Amino acid sequence: MNEALDQLIDGINVAWTEQDITDALCGFTERCGLAWFAYVDTTFPFGAAYTNYPEAWQQEYMTGQYLRFDPVMAQARRLMRPFTWENGEALGGDLNVRQFWRSARKHGIGAGLTIPIRSPFGNIAVLTFAGSVWPDAATPIDEFKAIAAVAYVHARVAMCQPGLLRAPDVALSARETECLAWASLGKSMAMTADLIGMQPCTVKFYLDRARTKLGAYNLVNAVYQAARQQLI
């Protein structure tokens, strides 16, 4: 599995599309003798999810609102380190949790590996690999390598901007883009005005218009939105 993690890191770093990311995750899953993967980023509003879990399980998970009591996600938040797990259907406990495990078992989900990392503003990104059973030949996982792999996945997903989650296209003018670019480098309106040969009030006009187009609540957020959408 640790060698497969190296291959996952390599594959993710040459992934340029959503399909490339999915292919890299599928390749790792298969090399480890498992069946499914699920990547979840809880960051709002830029959350993302990639999975090849059975469609029926995905549908049941959503309609049953299983995220509220998913024991794997709960343990990921609590531990914040890689861990393996087995289906806990026979362990008793909370009724909702038992229902979760029974439903997972019904879809063939019996064991897995979950790797959480912290993402901005108290959120987490979680990558899980699962199968009907945990492979007998599985060696102890290199936790640092596993965390690095998920960090690479997280960064690449953000770079690729998944289609379902991409913000609407925004058309900034050349002047709006230029003023935002200087703002992103920490330049004040007065400094930007000197650099590009205009009045500070004119710079403010362009920045305000860009902020409105981007739906941002202040200049810092406008710079963030523009950078994330690769407009500057």
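The rules behind each value
Residues numbered from 1 in each chain as written. Predicted model: local features only at pLDDT ≥ 70, side-chain atom pairs only at ≥ 80, totals over all residues. Heavy atoms only, no water. Phe/Tyr/Trp six-rings, centres within 6.5 Å; stacked < 30°, edge-to-face > 60°. Helix = DSSP H or I, 4+ residues; strand = E, 2+ residues; numbered from the N terminus. Buried < 20%, exposed > 50% of the residue type's maximum accessible area, 1.4 Å probe, protein only. 1 Å grid on protein atoms, 1.4 Å probe; cavity = no way out; pocket = protein on both sides within 12 Å on 5 of 7 lines; lining within 4 Å. Points joined across faces, edges and corners; volume = space filled by probe spheres on them. Nonpolar A, V, L, I, M, F, W, Y, C, P; charged D, E, K, R; others polar. Expected span 1.5 Å × (residues − 1). Arc of directions from axis to C-beta. Contact = heavy atoms within 4.5 Å. Salt bridge = Lys/Arg side-chain N within 4 Å of Asp/Glu carboxyl O.

We now examine the packing of aromatic side chains. Overall, the coordinates contain 13 aromatic pairs when judged by the stated rule. Plain terms: the ring middles of Trp 57 and Tyr 61 are 5.7 Å apart, the flat faces sit at 75 degrees to each other, and that makes the pair edge-to-face. Within this pair, Trp 57 and its partner Tyr 61 are both found in helix 3 (residues 55-63), separated by four residues, close to a single helical turn. Here Trp 57 matches Tyr 61 in class, with each residue buried.

Turning our attention to the layout of surface pockets. Computed from the structure, the largest pocket encloses a volume of approximately 690 Å³. Elements that contribute at least two residues to the lining of the largest pocket include exactly strand 1 (36-41), strand 2 (48-51), helix 3, helix 4 (71-79), helix 5 (95-106) and strand 5 (123-131). By residue number, the principal contributor to the lining of the largest pocket is helix 3, which donates four residues. Broken down by class, the residue content of the lining of the largest pocket amounts to 18 nonpolar, five polar and one charged.

The terminal C-alpha atoms of helix 5, which comprises twelve residues, lie 16 Å apart, in line with the 16 Å expected from a rise of 1.5 Å per residue. Looking at helix 5, one finds that the buried residues are Val 97, Phe 100, Trp 101, Ser 103 and Ala 104. Within helix 5, the buried residues cover an arc of 160 degrees as seen down the axis, which keeps them to one side. In helix 5, those exposed residues whose orientation departs by more than 90 degrees from the buried face are Leu 95 and Lys 106. Packed against the buried residues of helix 5 are helix 3, helix 4 and strand 3 (83-86). One or two residues past the end of helix 5 sits Gly 108, with phi positive at roughly 90 degrees.

Counted by the stated rule, this structure contains eight salt bridges. Between Lys 145 and Asp 6 there is a salt bridge whose closest N-O contact spans 3.2 Å. You can see Lys 145 sitting in helix 6 (residues 143-160) and its partner Asp 6 sitting in helix 1 (residues 2-12), a full 139 residues away along the chain. The exposure class of Lys 145 is partly exposed, given its relative accessible area of 23%. Given the relative accessible area of 34%, Asp 6 is considered partly exposed.

What is shown is where atoms sit, not what they do.
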